[in-house]
Amino acid sequence: MDKKLVYFLCTGNSCRSQIADGFLKALGSDRYEVKSAGLEAHGLNPRAVQVMQEAGVDITSHTSDVIDQDTLNRADYIITLCGHADEHCPAISNPNAVKWHWGFDDPAKATGTEEEIMTSFRTVRDSIKTRIEQFLAEGK
């Protein structure tokens, strides 16, 4: 069976798309090929790495990548995780691709104490994990 390709997109490919990528690989790599990218490459956010390690998922080997048109054109599911990426996603030439927008706050923009910022990262991480689990349960 060919695995369906899921392509997670956000602005910088540093937090939300990396978290979604990590969870879907950890929970559904038997069913899906998973990639993520951004409109720009901002580098892997160390706090995203830390909260994913807390959840038992290692994303330290991930890279922050810019959207690849070839990958975009062969993706079965294109999922944007922020409004900016949703509005500025390049044209998709694959008529069979399913495009969804799952909006999550950007934890990298959180302010306050280190603990408050980490709480924002954990909240977004947990919300993304819940959405990934729904996606897998729906068996798309």
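Residues numbered from 1 in each chain as written. Predicted model: local features only at pLDDT ≥ 70, side-chain atom pairs only at ≥ 80, totals over all residues. Heavy atoms only, no water.

Bringing the overall build of the protein into the picture now. Along the backbone of the protein there are five helices and four strands. Shown N-terminal to C-terminal, the secondary structure of the protein runs as helices and strands in the order β-α-β-α-α-β-α-β-α. For 140 residues, the compact-globule estimate of 2.2 N^0.38 gives 14 Å, and the C-alpha radius of gyration of the protein, at 14 Å, lies within 12% of that figure. Reported as C-alpha extents along the three principal axes, the dimensions of the protein are approximately 45 × 30 × 25 Å. In the protein, which comprises 140 residues, the share counted as buried stands at 44%. For the protein, the proportion of contacts with a sequence separation of at least 24, taken over those separated by at least 6, is 69%. If you average the places of the 15 positive and of the 21 negative side-chain charges in the protein, the two averages end up 4 Å apart. (Helix = DSSP H or I, 4+ residues; strand = E, 2+ residues; numbered from the N terminus. Rg over C-alpha atoms; globule rule 2.2 N^0.38 Å. Buried < 20%, exposed > 50% of the residue type's maximum accessible area, 1.4 Å probe, protein only. Contact = heavy atoms within 4.5 Å. Lys, Arg positive; Asp, Glu negative; His and termini not counted. Charge placed at Lys NZ, Arg CZ, Asp CG, Glu CD.)

Consecutive residues of a regular strand have side chains that alternate between opposite faces of the sheet. Of the two faces of strand β3 (residues 77-80), the one carrying Tyr77 and Ile79 and the one carrying Ile78 and Thr80 are both buried. As paired elements, strand β1 (residues 4-10) and β3 share four bridges and run parallel to each other. What sits directly across from valine 6, in β3, is tyrosine 77. Where β3 lies against strand β4 (residues 98-101), four bridges are found, and the strand directions are parallel. Bridged to tyrosine 77 within β4 is valine 98. (Pairing = 2+ DSSP bridges.)

What follows deals with the sheet that holds β1. The strand order across the open sheet built from four strands is β2-β1-β3-β4, with neighbouring strands paired in parallel fashion. Every other strand in the sheet has two partners, leaving β2 (32-38) and β4 as the edge strands with one partner each. Neighbouring strand axes in the sheet, compared pairwise and without regard to direction, differ in orientation by 20° on average. Strands β1 and β2 of the sheet are contacted by helix α1 (residues 16-28), whose axis makes an angle of about 170° with β2. (Axes fitted to C-alpha atoms, helices over the stretch in contact; angles between N-to-C directions.)

With that settled, the discussion passes to the environment of threonine 60. Its place among the elements puts threonine 60 in the loop between α2 (46-54) and α3 (69-74). Along the backbone, threonine 60 and lysine 109 are 49 residues apart, and their C-alpha atoms lie at a distance of 21 Å. Apart from residues lying up to four places away in sequence, threonine 60 is in contact with Leu44, Val49 and Gln53. For threonine 60, the side chain forms a polar contact with the side chain of aspartate 58, separated by 2.6 Å. (Polar contact = N/O pair within 3.5 Å; in protein donor to acceptor, adjacent residues only side chain to side chain.)

On inspection of all chains with the given rule, the structure shows 10 salt bridges. The partner of glutamate 33 in a salt bridge is lysine 35, and the shortest N-O contact between them spans 3.9 Å. Look at lysine 35 and you get partly exposed, because its relative accessible area is 30%. One salt bridge connects arginine 125 with glutamate 54, and the closest N-O pair in it is separated by 3.4 Å. (Salt bridge = Lys/Arg side-chain N within 4 Å of Asp/Glu carboxyl O.)

A separate point is the packing of aromatic side chains. The description of an aromatic ring pair rests on the distance of the ring centres and on the angle between the ring planes. If you walk through the whole model with that rule in mind, you get eight aromatic pairs. Aromatic pair tyrosine 32 and phenylalanine 135: ring centres 5.1 Å apart, planes at 45°, arrangement tilted. In this pair, tyrosine 32 sits in strand β2 while phenylalanine 135 sits in helix α5 (residues 114-138), placing the two residues 103 residues apart along the sequence. Comparing tyrosine 32 with phenylalanine 135, the two get one shared label, buried. On the numbers, 5.4 Å between centres and 90° between planes, the contact of tyrosine 77 with phenylalanine 135 is edge-to-face. One end of the pair, tyrosine 77, is in strand β3; the other, phenylalanine 135, is in helix α5, and 58 residues separate them in sequence. A single burial state applies to tyrosine 77 and to phenylalanine 135, both of which are buried. (Phe/Tyr/Trp six-rings, centres within 6.5 Å; stacked < 30°, edge-to-face > 60°.)

Honestly, it's all geometry; don't read function into it.
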